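# Coordinate analysis (summary)
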Amino acid sequence: MPILEKISQSSRARHWTDSIPLEFHYTAGVAGEEFRRELKKNGRFLASKCAKCKNSYVPARMFCPTCFIEIKDTRTIDEPGYVYSYTTVNRNRTGEPSEPVTIALIRFEGVKGGIVHKLNNEPNKVTFGMKVVAILKDNAERTGALTDIIAFKPE
Amino acid sequence: MKRRVAVVGAGITLFRRRMLESPKELSFEASKMALDSAGLTLKDIQSVVSGSAPDAFDGVHMKGEYYLDGMGAIGKPHERVYVGGGTGVFTPIGGWWNVASGMYDTCLCVAEEKMSPLHPHPQYAFWSIFDQILERPLGTTLLWIFSLEMRRYMHKYGIKEEEIAEVAVKNKGNAIDHPSAQLGAKITVSDVMNSEPICSPVKRLDVSPPSDGAAAVVLVSEKVAKKLTDEPVWLDGVGWTLDTTHWTNRDLAYPEYVEKAAKMAYRMAGIKNPRKEIDVAEPYDPFDYKELHHLEGLQLAGKGEAPKMTVDGVTQRDGDLPVCPSGGLLGVGNPIAAAGMMKICELFWQLRGEAGKRQVKKDARTGVAQAWGDLMQVGTVAVMRS
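All of these numbers come straight from a predicted model, not from anything done at the bench.

## Digging into the overall build of chain A
A tally of regular secondary structure across chain A gives two helices and nine strands. Reading the helices (α) and strands (β) of chain A from amino to carboxyl end gives α-α-β-β-β-β-β-β-β-β-β. Since a compact globule built from 155 residues should have a radius of gyration of about 15 Å, the 21 Å found for chain A marks it as more spread out than a globular shape. Burial statistics for chain A: of 155 residues in total, 30% are counted as buried.

Given below as structure tokens:
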């Protein structure tokens, strides 16, 4: 029974430091590329609509995971989104305390999926189902990245 | 024709924030203890199945190939299985394939995790599991989705944070009696409520810690089991399913993938009414609300009803359905894969009546263990019987 015979010797655990430096160049994918171009050019979210099950997905998808067929039809989402759930984050990615920021999962009526983003609102004023719209960077500054969206705000 | 599979030995190391032992050494400690308790030596073992979560924790690419010496796997058929946080319960499922299929009569299953090497924090590894285009640019962390999930669960069923905190109180309390435990403690609901808000509604004491550790079990065929022991514990049902990584599409209030995995395992074990037939449960509890979520997915509580069951004391060690008598991840610690395997070990000890101070009051004959993970998308379930 090692656990009963041994004690943890954490204080003796010397360590050697190293890192694994790797860099990655990602593609957005076939549908992702269309999604980001629409965001950059027209500031709108692109959804894909399956011809068979009629489900729409946002962000756009190349194939329907349920019917398992390619999706060719797309449509832009022109209606505001709504808050499905939300949180206030007090620590950053590395675990350090950070300025509180409200994050929400934004969904759109009649569309599967959603977008996770900052919510430009006091945490105690956020409600489930609240209608929200995106605040975008100016056209000239947009690159088609998620960060083209500055935040969402109440409609 | 599948064969019946028995668990005949279990082993575990200490779970600590940082252990001196290397991944190979942690694996060795757990493996040796499991073999000793089964009355076997490495020569008796025909195959080895290992489980470990991301390579990024230990900081060694191809970790499975690296740590295998510690699992006695040199020169033996060895495979590493992987479904993120679900890996701990998936590892004995992998072992079950080895034995139930008739390929081998004896299989050593070992789960290892050394999270401490990664800096600035083990949690940092997880940012790279998110979508590189759509999620990472915001600085996404796993805590975001847990808190979105917890809040949605609370909203849908009208659950209070205080009710959820009861799980942390219970599990950390249970862990006081576990010799491996990292965070056994007597705490109160108000301690949880007053702990640091990390990502509301998730607070410091709602969360399990990062840990180093390993755990192991020995699986054998029925023929071997009957020679070794009068008290085999049978691995009678296994199930696992995965949902998509598009977690934004999911019902965040209910783990459907756990339901599917549980139903698969129950069907195999011939269990028709889980709530009546399961005597003890070890659902995955990296967060207190997850124990509740998973009890519902495991069909051990109706949707939204697990909090009341907890508040009423049903899930205490002396209750009608003891849940996480080990102390769970919240109390014993969370070396990811090893934490899931710790639950399999706990059922082994509970069902043999060898859990000592942790032994549940009722005569436990059938238990279920479950783990969960990847990008909140996998359910792995094992049903065990004495």
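Having seen the model, we can carry on.
## So, the sheet that holds strand β7 (residues 212-221) of chain B
Residues and elements named next belong to chain B. In spatial order, the strands read β3-β2-β4-β7-β1-β8-β11-β10-β9; together these nine strands make up an open sheet with mixed pairing. Either end of the sheet is taken by a strand with one partner, and the two such strands are β3 (78-81) and β9 (280-282). Put simply, the sheet's adjacent strands are angled 25 degrees from each other on average, direction ignored. Sheet topology note: the strand β1 (residues 5-12)/β7 ladder contains seven bridges and is antiparallel. Its bridge partner being in β7, Val5 is matched across the sheet by Ser221.

## What to know about the interface of chain A and chain B
The interface of chain A with chain B comprises 39 residues on the first partner and 41 residues on the second. No other element matches strand β4 (residues 81-91) of chain A, which puts eight residues into the side of chain A that touches chain B. By the bridge criterion, two bridges tie β4(A) to strand β5 (residues 197-200) of chain B in an arrangement that is antiparallel. Bridge assignment links Thr88(A) to a residue of β5(B), and that residue is Ser200(B).

## Remarks on the pairing of strand β8 (residues 233-242) of chain B
Residue and element names in this part refer to chain B. The buried fraction of β8 is high, at seven of 10 residues. Sheet topology places β1 next to β8; two bridges connect them, and they run antiparallel. Bridge pairing links Ala6 to Trp234 in β8. Looking at chain direction, β8 and strand β11 (residues 378-385) are connected through eight bridges and run antiparallel. For Val238, the partnering residue across the bridge sits in β11 and is Ala382.

## A look at the nonpolar core
Residues Val217(B), Leu219(B) and Ala382(B) are the most contacted members of the largest nonpolar core, which totals 147 residues. When sequence neighbours within four positions are dropped, the list of residues in contact with Val217(B) reads Val7(B), Gly9(B), Ala10(B), Ala34(B), Pro92(B), Cys109(B), Met341(B), Ile344(B), Cys345(B) and Phe348(B). By size, the runner-up hydrophobic cluster in this structure holds 10 residues, among which are Phe35(A), Leu39(A), Leu46(A) and Ala47(A).

## Describing the pairing of β7(B)
Residues and elements named next belong to chain B. Most of β7 sits inside the fold, with nine of its 10 residues counted as buried. Bridge count for strand β4 (residues 106-114) against β7 is nine bridges, and the pairing is antiparallel. Bridge pairing links Cys109 to Val217 in β7.

## Things to note about the packing of helix α4 (residues 87-100) of chain B against helix α14 (residues 336-352) of chain B
Describing two packed helices takes the angle between their axes plus the distance from one axis to the other. One can describe the packing of α4(B) onto α14(B) by two numbers: an axis separation of 6 Å at closest approach and a directional angle of 60 degrees. Taking contact as the criterion, the partners of Thr87(B), Gly88(B), Val89(B), Thr91(B) and Pro92(B) in α4(B) are, on α14(B), Ile336(B), Ala337(B), Ala338(B), Ala339(B), Gly340(B), Met341(B), Lys343(B) and Ile344(B).

## Some words on helix α11 (residues 288-297) of chain B
Residues and elements named next belong to chain B. Counted residue by residue, α11 has 10 buried out of 10 residues, so it is predominantly covered. Residues Asp288, Tyr289, Lys290, Glu291, Leu292, His293, His294, Leu295, Glu296 and Gly297 constitute the buried set of α11. A positive phi of about 65 degrees marks Gln299, the residue just after α11.

## Thoughts on the sheet that holds strand β2 (residues 56-58) of chain A
Residues and elements named next belong to chain A. The strand order β3-β1-β2-β6 describes an open sheet built from four strands, whose pairing is mixed. Each edge of the open sheet carries a strand with a single partner, namely β3 (73-77) and β6 (112-113). The sheet contact formed by β2 and β6 spans two bridges and is parallel. Each bridged residue has a counterpart across the sheet, and for Val58 the counterpart in β6 is Gly113. Relative to strand β1 (residues 45-49), helix α2 (residues 30-42) is tilted by about 145 degrees, and along the sheet it contacts β1 and β3.

## Focus: the confidence of the model for chain B
When pLDDT is averaged along chain B, the result is 96; 100% of the residues meet or exceed 70. Here the predicted complex scores 0.93 on pTM and 0.83 on ipTM.

## Examining helix α9 (residues 256-269) of chain B
Residues and elements named next belong to chain B. The terminal C-alpha atoms of α9 lie 20 Å apart, and with 14 residues this matches the ideal 20 Å at 1.5 Å per residue to within 8%. Of all the positions in α9, only Tyr257, Val258, Ala261, Ala262, Ala265, Tyr266 and Ala269 are classed as buried. All buried residues of α9 lie within an arc of 165 degrees about the axis, which places them on one face of the element. Note on α9: the residue one or two positions beyond its end, Gly270, has a positive phi of about 70 degrees.

## Regarding unusual backbone geometry
Cis geometry is found at the peptide bond from His119(B) to Pro120(B), where omega equals 10 degrees. Tracing the chain through its elements places Pro120(B) in the loop between β4 and α5 (142-157). The peptide bond linking Ser200(B) to Pro201(B) adopts the cis configuration, its omega dihedral lying at 5 degrees. Tracing the chain through its elements places Pro201(B) in the loop between β5 and β6 (202-203). Although it is not a glycine, Phe68(A) sits at a positive phi angle of roughly 60 degrees. Its location among the elements puts Phe68(A) in the loop between β2 and β3. Looking at Phe68(A), the number of C-beta atoms within 10 Å reads 9, which means it is exposed. Located in the positive-phi region is Gln299(B), a residue other than glycine, with phi close to 65 degrees. Among the secondary structure elements, Gln299(B) is positioned in the loop between α11 and α12 (306-311). For Gln299(B), a count of 18 C-beta atoms within 10 Å gives the class partly exposed.

Conventions used here
Numbering of residues begins from 1 in every chain and follows the order in which that chain's sequence is written. Labels follow written order: the first chain is A, the first ligand is 1, and so on. Reporting in this predicted model follows two pLDDT cut-offs: at least 70 for local features of residues, and 80 or more for side-chain atom pairs to be given and counted; totals over whole chains, interfaces and linings ignore these cut-offs and use all residues. Numbered from the N terminus, helices here are DSSP runs of H or I no shorter than four residues, and strands are runs of E no shorter than two. For the radius of gyration, the atom set is restricted to C-alpha positions; the globular benchmark scales as 2.2 Å times the number of residues to the power 0.38. Burial in this document is a count-based property: other C-beta atoms within 10 Å of a residue's C-beta are tallied, and the residue is buried at 20 or more, exposed at 12 or fewer, or partly exposed in between, with C-beta positions derived from the backbone. The pairing criterion is simple: DSSP has to find at least two bridges between the two strands. The axes are straight lines fitted to the C-alpha atoms, using for helices just the contacting stretch, and the angles between their N-to-C directions are given from 0 to 180°. Whether two residues are in contact depends on their C-beta atoms, placed from the backbone: they are in contact if these lie within 7 Å. What makes a nonpolar core is a set of buried Ala, Val, Leu, Ile, Met, Phe, Trp, Tyr and Cys residues, with links drawn between C-beta atoms within 7 Å. pLDDT gives the predictor's per-residue confidence on a scale running from 0 to 100. To estimate the expected span of a helix, count its residues, drop one, and scale the result by 1.5 Å. What the arc covers is the set of directions going from the helix axis to the C-beta atoms.

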